[in-house]
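# What the coordinates show
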Amino acid sequence: MKKKIRVLLISQFFWPESFPINSIVRQFKEIDFDIITAKPNYPHGFIFKNYRKLGLIKEKFYNHNIYHVPIISRLSGKSIFLFLNYLSFVFSSIIFGSLYLKKKNFDVVFVYNTSPITQILVGNYFKLFFKAKLITWVQDIWPESVSATNHLKENLIFKFFRKFCHYLYRLNDLLILQSRDFIKYFKKHNIYNKSVYIPNSSNLIKKKKNSKNQLIKKFKYNFVYAGNIGLAQNFENFELFLKKLYKKNKNIKFHLIGSGLYKNILIKKIRKKNVLNVEIYPYIKNKFLYNYLNEADVLFLSLKNNYIFNLTVPSKLQNYLFCRKPILAWADGITKKIINESKCGIVVQSGNINSLVKASLELVKKNKIKKFSKNSEIYYKKNFQLKNIKNKLLQSFINEI
């Protein structure tokens, strides 16, 4: 390919925030990206230091141009703040993008569609502005993922909002689906856009071991969870599970790394129950996370049993497989399917405390850890290798031009 493809990437969340799309963009030499993104404020809800709140900030990311547009911060992550955060990104992107990019030309407008779906509005505006193809990589399905986390009640207004979301999906020339099971949702709702399955890869960075970046107060067996501790992750009775597990085996300890709306509630429950086999860490930057996961004997994944979550592959699953570790999962749906297919761990029904205790004890038996670790490595290389994902994306762009 002689001429580079020109792509305008719309992604509300991008570097220096930690999202899988960062690793993808970093891989491309065949594409010139211009990236419209928000001033970084995830996950803590406040604009990062060294980023002024007002005006546009332009910087480089591996020879690609980033345009950080001003937004209303997400603050505590409550519904009203998220609504204002999402809406401000739409208007700010259109205003500043039109001003700073009007003299450029693009072959593709590419939306990396984590929440919110309103990013597709921005993508469609620039599709018309530049007369380019619109491609969206669907990471979360709206509006069901919003109602599943209790940010929106399923009522008459919700039904109108669902029609609006489906209208946005139909605006695309191509939908890229991060989960094979997403096709079930789109067929169910008569959304028949051209689509292709391309999963996420890992966005972890391997670094030399550092004494500052390691697990603290380790037990004989250390189970690590890294990610959001929110309503979607189903930690509601986790302290009860930990108490039961400790009675059965005092050599297993859980290390929970991350932030989220449910974290403080969980900490209070753990203190109230005087749970001894758990350590809770603050949010850890992605560039240091691999060292923590690499120290684990087992990696833990938890996801609420919900129709839309059962269709979605959580990005931490690829990260866990990348680390070549056994996986213990409290999950259903596609996550359960992948873990069983890869034979990389044990998955039990979400919320079933007794089954999770039993599975935890089973994992520390002789030879289990070694066997599951090897299977994780094999499955990751076959299905989620970053180079392969990048090539599939590139081919999708070429096919649409």
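Scroll up to find the structure this text is about.
This report concerns the structure included in the present document. Only a predicted model underlies this, so the values are computations on that prediction, with no experimental measurement involved.

Before going further, it helps to examine the packing of helix α2 (residues 79-101) against helix α3 (residues 119-130). Closest axis-to-axis distance for the α2/α3 pair is 9 Å, and the angle between their directions is 25 degrees. Comparing their axes, α3 and α2 come out roughly parallel. Seen along the crossing, α2 lies across α3 with a hand that is right-handed. Taken together, the residues of α3 that come into contact with α2 (itself represented by Phe89, Val90, Ser93, Ile94, Gly97, Ser98 and Leu101) are Gln119, Val122, Tyr125, Phe126, Phe129 and Phe130. The residue inventory of the contact of α2 with α3, partitioned by class, reads nine nonpolar, four polar and no charged.

The pairing of strands in a sheet comes from backbone hydrogen bonds and takes either a parallel or an antiparallel form. With mixed pairing, eight strands are arranged side by side in an open sheet as β3-β4-β2-β1-β5-β6-β7-β8. Each edge of the sheet is formed by a strand with only one pairing partner; in this case those strands are β3 (57-61) and β8 (195-197). On average, each strand axis in the sheet is tilted by 20 degrees relative to the strand beside it, whichever way the strands run. The pairing of strand β6 (residues 133-138) with strand β7 (residues 174-177) spans four bridges and is parallel. Counted as the bridge partner of Ile135 is Leu174 from β7. Strands β1 (5-10), β2 (31-38), β5 (108-113) and β6 of the sheet are contacted by α3, whose axis makes an angle of about 180 degrees with β5.

With that out of the way, let us pick up the pattern of salt bridges. Throughout the structure, instances matching the rule amount to 15 salt bridges. The shortest N-O distance in the salt bridge between Asp34 and Lys104 comes to 2.8 Å. With a gap of 70 residues between them, Asp34 in strand β2 and Lys104 in the loop between α2 and β5 connect regions that are remote in the sequence. Owing to a relative accessible area of 1%, Asp34 belongs among the buried residues under this scheme. A salt bridge links Lys253 to Glu279; its shortest N-O distance comes to 2.8 Å. Separated by 26 residues along the polypeptide, Lys253 in strand β10 (residues 252-257) and Glu279 in strand β11 (residues 278-281) bring together distant segments of the chain. One network of salt bridges, in which partners are shared, links Arg6, Asp34 and Lys104.

Bringing the pairing of strand β9 (residues 221-226) into the picture now. In terms of residue burial, β9 counts as a mostly covered element, since six of its six residues are buried. Every second residue of β9 is oriented toward a common face, with Tyr221, Phe223 and Tyr225 on one face and Asn222, Val224 and Ala226 on the other, all of them buried. Of the pairings in the sheet, the one linking β9 to β10 comprises six bridges and is parallel in character. The residue bridging Phe223 from the neighbouring strand is Phe254, located in β10. Read from β9 through helix α7 (residues 238-248) to β10, the crossover connection turns out right-handed. As defined by bridge partners, β9 adjoins strand β12 (residues 298-302) across two bridges and the pair is classed as parallel. Paired with Val224 across the strands is Leu299, a residue of β12.

To continue, consider the side chain of Asn22. Of note, Asn22 is situated in helix α1 (residues 20-27). Other than its neighbours up to four places away in sequence, Asn22 contacts Phe14, Trp15, Glu17 and Phe61.

Turning our attention to the nonpolar core. Counting 108 residues, the largest nonpolar core has Tyr169, Phe238 and Phe254 as the members making the most contacts within it. Among the elements that line this core, the one with the most residues is α2, at six residues. With residues up to four places along the chain from it excluded, the contact list for Tyr169 reads Asn113, Ile117, Ile120, Val138, Asp140, Ile141, Trp142, Leu175, Phe186, Ile191 and Asn193. If you look at the next biggest cluster of nonpolar residues, it comprises 28 residues, including Val7, Leu9, Ile31 and Phe33.

So, about the sheet that holds β9. Spatial ordering of the open sheet is given by β11-β10-β9-β12-β13-β14, a layout of six strands whose pairing is parallel. Only two strands of the sheet have a single partner each, and these edge strands are β11 and β14 (345-348). Neighbouring strand axes in the sheet, compared pairwise and without regard to direction, differ in orientation by 20 degrees on average. Packing of α7 onto the sheet brings it into contact with β10, β11, β12 and β13 (327-330), and relative to β10 it is tilted by some 155 degrees. The sheet strands contacting helix α13 (residues 353-363) are β9, β10, β12, β13 and β14, and the helix crosses β13 at an angle near 175 degrees.

With that settled, consider unusual backbone geometry. Trans peptide bonds make up the majority, and among non-glycine residues the majority have a negative phi. Residues Trp15 and Pro16 are joined by a peptide bond in cis, for which omega reads 15 degrees. Along the chain, Pro16 turns up in the loop between β1 and α1. The omega torsion across Tyr42 and Pro43 is 10 degrees, close enough to zero to call that bond cis. Within the secondary structure, Pro43 sits in the loop between β2 and β3. Positive phi, close to 75 degrees, is recorded for Asn50, a residue that is not glycine. Assignment of secondary structure puts Asn50 in the loop between β2 and β3.

The rules we used
- Residues numbered from 1 in each chain as written.
- Predicted model: local features only at pLDDT ≥ 70, side-chain atom pairs only at ≥ 80, totals over all residues.
- Heavy atoms only, no water.
- Axes fitted to C-alpha atoms, helices over the stretch in contact; angles between N-to-C directions.
- Helix = DSSP H or I, 4+ residues; strand = E, 2+ residues; numbered from the N terminus.
- Parallel < 35°, antiparallel > 145°, perpendicular 65-115°, else oblique.
- Left-handed = near helix turned anticlockwise from the far one by under 90°.
- Contact = heavy atoms within 4.5 Å.
- Nonpolar A, V, L, I, M, F, W, Y, C, P; charged D, E, K, R; others polar.
- Pairing = 2+ DSSP bridges.
- Salt bridge = Lys/Arg side-chain N within 4 Å of Asp/Glu carboxyl O.
- Buried < 20%, exposed > 50% of the residue type's maximum accessible area, 1.4 Å probe, protein only.
- Right-handed = clockwise from strand over helix to strand, strands pointing away.
- Core = buried A, V, L, I, M, F, W, Y, C linked by side-chain atoms within 4.5 Å.

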